[in-house]
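Listed below, chain by chain, are the residues.
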Amino acid sequence: DEAAEQAAFDAIIEADSRIEPRDWMPAAYRKTLIRQISQHAHSEIIGMQPEGNWISRAPSLKRKAILMAKVQDEAGHGLYLYSAAQTLGITRDEMTEQLIEGRAKYSSIFNYPTPTWADMGAIGWLVDGAAICNQVPLCRASYGPYGRAMVRICKEESFHQRQGFEILLTLMQGSAAQREMAQDAVDRWYWPSLMMFGPPDEASPNSAQSMAWNIKRFSNDDLRQRFIGMLVPQAEVLGVTLPDPELRWDEEAQRWHTSEIDWTELQEVIAGRGAMNAERTRNRRTAHEDGAWVREAAAEYARKQQLRETG
Ligand code: ACO
């Protein structure tokens with residue numbers, strides 16, 4: 001009965017062990033995982049656009065090959081994550097519909113424009129850096145398929161972060177104009193990358209329950225702090241300035257002291273009113289519609305193969 005199933009579920013969580021697709025789970029646990037994993041998958045797929053924008057304009061053949069591989073990795077991450085979400089009972093079609101109709105959330109960060117080549121460096125360094133900080137603890141998420149997908153994703157993300165750092169380092173060792181371009185990109189991506197971790201803890205409705213279920217392991221603010229601590233020494237190596245005059249280590253509080261983050265901006269972007277929201281969703285919808293013939297052809301091919309096999 002349900003009480004026994006709930007007790008079995010609670011014992012697995014208590015033991016910090018894993019829930020697998022066939023196990024009983026509370027409806028709210030299933031729902032929050034579908035919410036988070038599908039949003040995460042959508043972020044990877046929408047996240048192909050800001051960088052896809054630069055593939056044809058990368059400054060050398062080598063840079064082009066690296067960027068293309070990186071964008072392909074993001075497509076792969078989206079697919080692992082859609083597969084993990086599907087084990088919870090939602091279909092790929094439902095998730096796709098939610099995304100192209102603008103009903104699904106995806107990370108705020110992908111709604112900012114990428115006007116210069118240095119943006120590819122800043123995205124790798126800051127956006128993928130933030131993604132790693134957030135996602136390494138998710139490798140231990142209590143839901144098995146999600147945690148296992150995160151292990152592979154994190155390995156690839158750390159390569160992405162290094163390649164971004166290296167783009168910025170190359171620019172910072174270049175001409176004055178290149179250094180200026182790198183600093184400008186860091187100025188534009190720094191605050192949005194801090195916002196990726198979500199609203200402050202006191203305004204994060206899902207955190208407490210997700211932490212009790214061992215889905216999230218750290219709060220939004222704790223991860224944001226950890227990320228700043230990772231950036232400060234790396235900014236020094238790069239020779240870029242993090243655009244916050246208030247930024248300093250507060251010895252007494254044992255925390256980084258920062259200027260107030262513009263939470264209104266985060267709310268606006270999440271609500272669909274960021275610079276690029278409409279274009280990102282429109283591009284995805286167009287790509288989905290343009291790909292209809294591929295899906296039809298594949299389905300028809302599969303049907304014929306099966307007919308041949310069953311004779
Ligand atoms: N962009 C868009 N939406 C956000 C963001 C953000 N940066 N931060 C929070 N939100 C949304 C949440 O999805 C939630 O909305 P919902 O309840 O309608 O689903 C709402 O704001 C309130 O936030 P929280 O209660 O803090 O939500 P949650 O506990 O889910 O924490 C977080 C948000 C940290 C993003 C979490 O969902 C998470 O870790 N997700 C997995 C990682 C991920 O999605 N990364 C994507 C970007 S990285 C990349 O793809 C390269």
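Bear in mind that the values here come from a model prediction, so they are computed numbers and not experimental data. (Residues numbered from 1 in each chain as written. Predicted model: local features only at pLDDT ≥ 70, side-chain atom pairs only at ≥ 80, totals over all residues. Heavy atoms only, no water.)

Summarise the confidence of the model for the protein chain; cite the residues concerned and give the values.
When pLDDT drops low, the exact placement of atoms in the prediction is not to be read closely. On average, the protein chain scores 97 in pLDDT, and the residues at 70 or more come to 100%. Interface scoring of the predicted complex returns ipTM 0.98; its pTM is 0.97. (pLDDT = per-residue confidence, 0-100.)

Go over the side chain of T114, please, and point to the residues and values.
Examined against the element boundaries, T114 turns out to sit in the loop between α5 (92-100) and α6 (118-135). The exposure class assigned to T114 is buried, which follows from its relative accessible area of 6%. Of the polar contacts made by the side chain of T114, one reaches the side chain of N53; its length is 2.8 Å. Beyond its immediate stretch of four places on either side in the chain, T114 contacts P50, N53, W54, D119, M120, I123 and W189. (Helix = DSSP H or I, 4+ residues; strand = E, 2+ residues; numbered from the N terminus. Buried < 20%, exposed > 50% of the residue type's maximum accessible area, 1.4 Å probe, protein only. Polar contact = N/O pair within 3.5 Å; in protein donor to acceptor, adjacent residues only side chain to side chain. Contact = heavy atoms within 4.5 Å.)

Help me get a handle on the site of the ligand, residues and values and all.
Around the ligand, a shell composed of 29 residues is seen, among which Q39, K105, S108, S204 and K216 lie nearest. Interatomic distance of 3.4 Å between a backbone N/O atom of M195 and a nitrogen atom of the ligand. Note that an oxygen atom of the ligand is positioned 2.9 Å from one of the backbone N or O atoms of N206. Burial of the ligand by the protein chains amounts to 88% of its free accessible area of 950 Å². (Near = heavy atom within 4 Å. Areas by Shrake-Rupley, 256 points an atom, 1.4 Å probe, with all protein chains shown as cover.)

Give a detailed account of unusual backbone geometry, specifying residues and quantitative values.
The residue D16 is not glycine, and still its phi comes out positive at about 55 degrees. On the secondary structure map, D16 appears in the loop between α1 (2-14) and α2 (27-46). For D16, a relative accessible area of 42% puts it in the partly exposed group. Here the phi dihedral of Q254 falls at roughly 55 degrees; this positive angle occurs in a residue that is not glycine.

Now, about the pattern of salt bridges: what can you tell me, with residues and values included?
Counted according to the given criterion, the structure contains 13 salt bridges. Between R63 and E166 there is a salt bridge whose closest N-O contact spans 2.8 Å. Within this pair, whereas R63 is found in helix α4 (residues 61-86), its partner E166 is found in helix α7 (residues 144-172), the two being separated by 103 residues in sequence. Its relative accessible area of 17% is what places R63 among the buried residues. Of the residues examined, E166 reaches a relative accessible area of 36% and is grouped as partly exposed. In this structure, E101 engages R103 in a salt bridge whose closest nitrogen and oxygen atoms are separated by 2.8 Å. (Salt bridge = Lys/Arg side-chain N within 4 Å of Asp/Glu carboxyl O.)

Give me the lowdown on the nonpolar core, citing residues and values where you can.
Considering soluble globular proteins, one finds that nonpolar side chains tend to be buried as a cluster. Core analysis: the biggest nonpolar cluster contains 77 residues, and Y29, I37, W125, Y143, Y146, W189 and L242 have the highest contact counts within it. In this structure I37 touches L81, A84, A85, L88, Y143 and Y146, once residues within four positions along its chain are discounted. (Core = buried A, V, L, I, M, F, W, Y, C linked by side-chain atoms within 4.5 Å.)

Can you explain the packing of aromatic side chains? Please cite residues and give values.
Inspection of every chain in the model, using the stated rule, returns eight aromatic pairs. Look at F9 and Y29: their rings are 5.0 Å apart centre to centre, the planes differ by 75 degrees, and that puts the pair in the edge-to-face class. Placement of the pair is F9 in helix α1 and Y29 in helix α2, with a sequence separation of 20 residues. Take F9 and Y29: they sit in the same class, and that class is buried. Both rings, one in Y29 and one in W213, keep their centres 5.4 Å apart while their planes meet at 85 degrees; by these two values the pair is edge-to-face. With Y29 in helix α2 and W213 in the loop between α9 (207-212) and α10 (220-238), this pair connects stretches of sequence that are 184 residues apart. Across this residue pair, the class does not change: Y29 and W213 are buried. Among the aromatic side chains, those forming a connected cluster through ring pairs are F9, W24, Y29 and W213. The lysine or arginine in question, R57, covers the ring of W54, its NZ or CZ lying 3.9 Å from the ring centre. Positioned above the aromatic ring of F218 is the side chain of R226, whose terminal nitrogen or guanidinium carbon lies 4.3 Å from the ring centre. (Phe/Tyr/Trp six-rings, centres within 6.5 Å; stacked < 30°, edge-to-face > 60°. Lys NZ or Arg CZ within 6 Å of the ring centre and 35° of its normal.)

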